[in-house]
Amino acid sequence: MGRGGRAEALEPGAGTRGIGRRRFLGYVLAAPTLVTAAELGAAPGAAADGVPSLEVTDVVDLNDVLTLAAKPTSNLVKVTVNTDGTVSFALPRAEVGQGITTSTAMLIAEELDVPLDRVRVELADARPELLFNQLTGASNTTISTFTPVRVAAAVARGRLLDAAALELGAPVRDLTIKAGAVTDLLGNTIGIGELARKAASGTERPVSVELKERADFTVIGTPRNRIDALAAVTGRKRFAMDLDVPDALPTMVCRPPTVNGTVGSVENLDEVRAMSGVTDVAVVSTGVAVRARTFGRCIDAVRALRVTWRAGTAEGTSDASVREELRKAELPMGLPSLTPSVEETFTFHFRGNSALETNCAIADVRADRAEIWSGLKSPIVAQAAVAAKLGLPQGAVTVHVTEGGGSFGRKLFFDAALEAAEVSRELGKPVKLMWHRADDARQGRVHPMATSRVRATHVGGSVLSFKQRHTSVSTDLGHGLGEALTALAAKLPVGDIGFSETFFQLSQSMPYGFGAYSRLLSEVDKGFNTGSMRGVYSPDVTCARELIVDRLAAKMGKDPYRFRRDFVRDDRAKAVLDKVAEAGSWGRTMPSGTAQGIAFHGEYHSACAVLVELDCREETVNRPIRDGVAGPRVTKAVLAVDVGLAVNPRGLEAQMMGCLMDGIAQTLTSSLHLRGGAFLEASWDNYFYTRQWNTPPELEIIVMPTTTGAPGGAGELGVAASMAAVACAYGRATGTMPTSFPINHGTLSFTPKPTVPPVPASPTDGLDHLR
């Protein structure tokens, strides 16, 4: 659309007169070139009076809370038009591979009518003035930025047209803007770069703008390649460890053999300091830090250290002891039902929350200031924590957000940045800190072990009640989400409940009309370094629920797909279930030992259904895998997703593929084994995430047509349904409903690496495994 997106200046004191459903208030900011921003106002109350609902998340969910918390500072996020014809935007979120720099660039390109390759999206440094508007989590980025970014771009577009009208001597109504240039009816053209200074303002000015209609979109909703794809595949994309900060030398930490142990004494500090290439060695709160000329020298020094360790926070614990602790902490289910019922307790073991990029940060700490570089999803909280650790004012700490190589919740935590700052202060030198993969597996963040007990009662063709009691090792939520919830606590329709329970209730929903429904959370044991892994509670809660749904269907003599379809409360849920059933040929005849499974999950204004086919035949389960357990294999998967409006369908497809692999892993193969207060896994070679030998040969991702017209959450959406579908397929293929996850957890297929020294020797047998 060439002429859409009108902009009108407002008179002083005009307020928001004329602001409506598609019309928004923005600002032209005082700057030498054109800089614009949005004004969305303070967050309204979260709960609307008179909204009939049996479900908290029908009124407000966790994603809504984050969106509301971000609104008051939306006017501080700016779009800049540069004199070279490019457009710049500093995104106050973290790009960790999910593709938000691309989708954000698409929003700007759409409203500003510029080519996508001329939009430059960088990651903003920590900006405390943004308050809760610089937190990446809960699949919230596109939802919370969708309108503010478009408004700022639309304001810029209107200003460019006004400036062009003066230059070309033509009324704005006779001008079009396309591909970064403005053209009049006579064909005269002027580029937006030439207009950047002319469209600028010496003072801040409010402007009313009208956003494009969805029918006029030419960028939003179209499949686009990632703007950083070429850099990623050619090795030119720069992560924290790629940065060249003067005198920041490689640094690693010798860590304890058990979770959160501390240094008692070090026998050979001077000896290690004298090793070739080593520049510094010092005891810090998390272990013994080593700084050297190369990371190889760091590994040598870490392995050479002889340390006496004090006990950690999980000393002597094991899978069995934690399972017993969870059993004792389970909340009561109530008296046994007098009507027919199904009931089961499911166990979900610890899982690693390591990203592909190891935990890392660069720090340069001086007496009066500090500078940090790291991939951070909560940089404002990180900045405050680093400042407190160093005894500096928060304004004296500069935090640069670098792109991250994966996260899945891991980079909400800033332990590497905090540790790097401490080491730099202790040594008096800049450091380039990197955790070893063994560090991240054993001392890093983990998905907490949990149990979920479910009881459902039924009579005739009705489900009368559904109760779920989820008991978990405590999930650490102290990474910024807590502050957002606390700030809006009085407006949330959840009553006077604890913080974890609030998070739990706002992130869960019951999609089925199952009569009286209740869910409760109980948490225990804060001795582990837990994290908000992709989906947080949802994968486990949904998996348990969907397995009980399958059992209910069987008890009531109904087909699992038809049963779900009959009971789901939402037409969008029916649509995705119908789509996967059709595309996946639900109900087709399958060989003995194989079966289909189907499951549904909805969250954050989005819906997802998954159908899988699983092979549990002996020849498949026992196929040889080097240093691993093969187990069942998903041979086919169909996933249908409705996010309301997919900004970039190609990026959404990639997200769902990743979600599916997460779900397969958590059901079949991926877990940490806890023995004697330590996790046995020490790297990806013995942590069995979905591998090439375990991915489905047939895979189809179906992006549903636009429904709501606004984007919903997508980043975590597909994990829970995928995990549940695989679990349901396993139950149907074997005739036994699984109750402990992952299914292969009971088989330890590798020889654990030593915990002392904490960093294992680098492998030297790679060539032996070439085929």
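Residues numbered from 1 in each chain as written. Predicted model: local features only at pLDDT ≥ 70, side-chain atom pairs only at ≥ 80, totals over all residues. Heavy atoms only, no water.

1. Examining the sheet that holds strand β25 (residues 516-524)
Filter applied, for reference: The pairing criterion is simple: DSSP has to find at least two bridges between the two strands. Helix and strand labels come from DSSP, where a helix needs a run of H or I of at least four residues and a strand needs a run of E of at least two; each type is numbered from the N terminus.
Spatial ordering of the open sheet is given by β25-β24-β23-β16-β32, a layout of 5 strands whose pairing is mixed. Of all the strands in the sheet, just β25 and β32 (740-741) have a single pairing partner and so form its edges. Bridge count between strand β24 (residues 462-473) and β25: 9 bridges; the pairing is parallel. By the bridge assignment, Phe-466 is partnered in β25 with Tyr-517.

2. Side note on the pairing of strand β4 (residues 78-81)
Where strand β3 (residues 35-39) and β4 come together, 3 bridges link them in antiparallel fashion. Considered in β4, the bridge of Ala-37 is made with Lys-78. Of the strand pairs in this sheet, β4 and strand β5 (residues 87-91) are connected by 3 bridges, and their pairing is antiparallel. Among the inter-strand pairings, Val-81 is bridged to a residue of β5, identified as Val-87. Where β4 folds back onto β5 in an antiparallel hairpin, the turn is made up of 5 residues, including Gly-85, whose phi is positive at roughly 90°.

3. Concerning the sheet that holds strand β28 (residues 633-642)
Using the following cut-off: In this description, a line fitted to the C-alpha atoms serves as the axis of each element, helices being fitted only across the stretch in contact, and the angle between N-to-C directions of two axes falls anywhere from 0 to 180 degrees. The contact criterion used throughout is that any non-hydrogen atoms of two residues lie within 4.5 Å.
Pairing in this open sheet of 4 strands is mixed, and the strands run β26-β27-β28-β31 from one edge to the other. Pairing within the sheet leaves two strands with one partner each, and these edge strands are β26 (594-603) and β31 (698-703). Looking at each pair of strands side by side, their axes are set apart by 10° on average, direction ignored. The pairing of β28 with β31 spans 6 bridges and is classified as parallel. Each residue of the ladder has a partner; that of Ala-640, found in β31, is Ile-702. Lying on the sheet, helix α19 (residues 649-668) is in contact with β27 (606-615), β28 and β31; it crosses β31 at an angle near 130°. Relative to β26, helix α20 (residues 717-734) is tilted by about 150°, and along the sheet it contacts β26, β27 and β28.

4. Describing the packing of α19 against α20
The packing of two helices is summarised by the inter-axis angle and the distance between the axes. Put simply, the rule is: Each angle receives one of four descriptions, namely roughly parallel if under 35 degrees, roughly antiparallel if over 145, roughly perpendicular if within 65 to 115, and oblique otherwise. The crossing is said to be left-handed when, going from far helix to near helix, the turn is anticlockwise and less than a right angle, and right-handed when the turn is clockwise. Residue classes follow a fixed rule: Ala, Val, Leu, Ile, Met, Phe, Trp, Tyr, Cys and Pro count as nonpolar, while Asp, Glu, Lys and Arg count as charged, and any other residue, Gly among them, counts as polar.
In contact at an axis separation of 7 Å, α19 and α20 are set at 40° when each is read in the N-to-C sense. In terms of orientation, α19 lies oblique with respect to α20. The element α19 and its partner α20 pack so that their crossing is right-handed. Only Leu-717, Gly-718, Val-719, Ser-722, Met-723, Val-726 and Ala-727 of α20 make contact with α19, whose side of the interface consists of Met-656, Cys-659, Leu-660, Asp-662, Gly-663, Ile-664, Gln-666, Thr-667 and Leu-668. By residue class, the composition of the contact of α19 with α20 is 10 nonpolar, 5 polar and 1 charged.

5. Here's the deal with the confidence of the model for the protein
Our working rule: pLDDT gives the predictor's per-residue confidence on a scale running from 0 to 100.
Averaged over all residues, the pLDDT of the protein is 92; the fraction at 70 or higher stands at 93%. Throughout residues 11-19 the model reports pLDDT below 50, and contacts reaching past four residues in sequence, or to other chains, amount to 6 contacts. Here residues 42-53 is modelled with pLDDT under 50, and outside its nearest four sequence neighbours on either side it reaches 20 contacts, counting other chains as well.

6. Topic: the packing of helix α3 (residues 100-112) against helix α4 (residues 141-168)
Direction vectors running N to C along α3 and α4 enclose 35°, while the axes themselves pass 7 Å from each other. Considering the relative orientation of α3 and α4, their crossing is right-handed. For the pair α3 and α4, the contacting residues are Ile-100, Ser-103, Thr-104, Leu-107, Ile-108, Glu-111 and Leu-112 in the first and Thr-141, Thr-142, Thr-145, Phe-146, Val-149, Arg-150, Ala-153, Ala-154, Ala-156, Arg-157 and Leu-160 in the second. Of the residues that constitute the contact of α3 with α4, the class distribution is 10 nonpolar, 5 polar and 3 charged.

7. Observations regarding helix α17 (residues 571-583)
Here is the rule: Take the number of residues in a helix, subtract one, and multiply by 1.5 Å to get its expected span. Type-normalised accessible area, obtained with a 1.4 Å probe on protein chains alone, sets the label of each residue: buried when under 20%, exposed when over 50%, and partly exposed for intermediate values. Identification of polar contacts relies on pairs of N or O atoms within 3.5 Å, with a donor-acceptor requirement for protein atoms, meaning one able to donate a hydrogen and the other able to accept it, and with residues adjacent in sequence counted only if both atoms are side-chain atoms.
Over its 13 residues, α17 runs 18 Å from end to end, which matches the ideal 18 Å to within 8%, given 1.5 Å per residue. Along α17, the residues classified as buried are Arg-572, Ala-573, Val-576, Leu-577, Val-580 and Ala-581. Tucked into the core, α17 has its buried residues touching α16 (560-567), β26, β27 and β28. The backbone nitrogen of Arg-572 lies 2.8 Å from a side-chain oxygen of the residue at the head of α17, namely Asp-570.

8. A look at helix α14 (residues 499-507)
An α-helix turns once every 3.6 residues. As a result, residues three or four positions apart point the same way. A large share of α14 lies buried, amounting to 7 of its 9 residues. Every buried residue of α14 is accounted for by Glu-501, Thr-502, Phe-503, Phe-504, Gln-505, Leu-506 and Ser-507.

9. Describing the packing of aromatic side chains
Stated precisely, the cut-off is as follows: Aromatic contacts are taken between Phe, Tyr and Trp rings whose centres are within 6.5 Å, Trp giving its six-membered ring; a plane angle under 30 degrees counts as stacked, one over 60 as edge-to-face, and the others as tilted. Lysine and arginine charges are scored as sitting over a ring when NZ or CZ, respectively, is within 6 Å of the ring centre and within 35 degrees of the ring normal.
Overall, the coordinates contain 15 aromatic pairs when judged by the stated rule. Considering the side-chain rings of Phe-563 and Phe-567, the 4.7 Å spacing of their centres and the 45° angle between planes classify their relative orientation as tilted. Residue Phe-563 and its partner Phe-567 are both found in helix α16; the two are separated by 4 residues, about one turn of the helix. The burial state of Phe-563 is the same as that of Phe-567; both residues are buried. One aromatic cluster in this structure is built from Phe-466, Tyr-512, Phe-514, Tyr-517, Phe-563 and Phe-567. Here Arg-410 stacks its cationic end above the ring of Trp-435, 5.7 Å away from the centre of that ring. The positively charged end of Arg-445 is found above the aromatic ring belonging to Phe-413, 3.9 Å away from the centroid.

10. Points about the environment of Thr-358
Tracing the chain through its elements places Thr-358 in the loop between β17 (351-352) and β18 (360-365). A relative accessible area of 11% places Thr-358 in the buried class. Separated by 227 residues in sequence, Thr-358 and Ser-585 have C-alpha atoms that sit 41 Å apart. Setting aside chain neighbours within four positions, we find Thr-358 in contact with Met-434, Trp-435, Arg-437 and Asp-440.

11. A short note on unusual backbone geometry
Here the amide bond leading from Phe-741 into Pro-742 is cis, since omega sits at -5°, within 30 degrees of zero. Among the secondary structure elements, Pro-742 is positioned in the segment after β32. The residue after Val-756, namely Pro-757, is reached through a cis peptide bond having omega -5°. Take Pro-757: it is sitting in the segment after β32. In this structure, Asn-260 takes a positive phi of about 60° despite not being glycine. Although it is not a glycine, Val-536 sits at a positive phi angle of roughly 55°. Mapped onto the elements, Val-536 comes out in the loop between β25 and α15 (538-555). Exposure remark for Val-536: the relative accessible area of 9% places this residue in the buried category.

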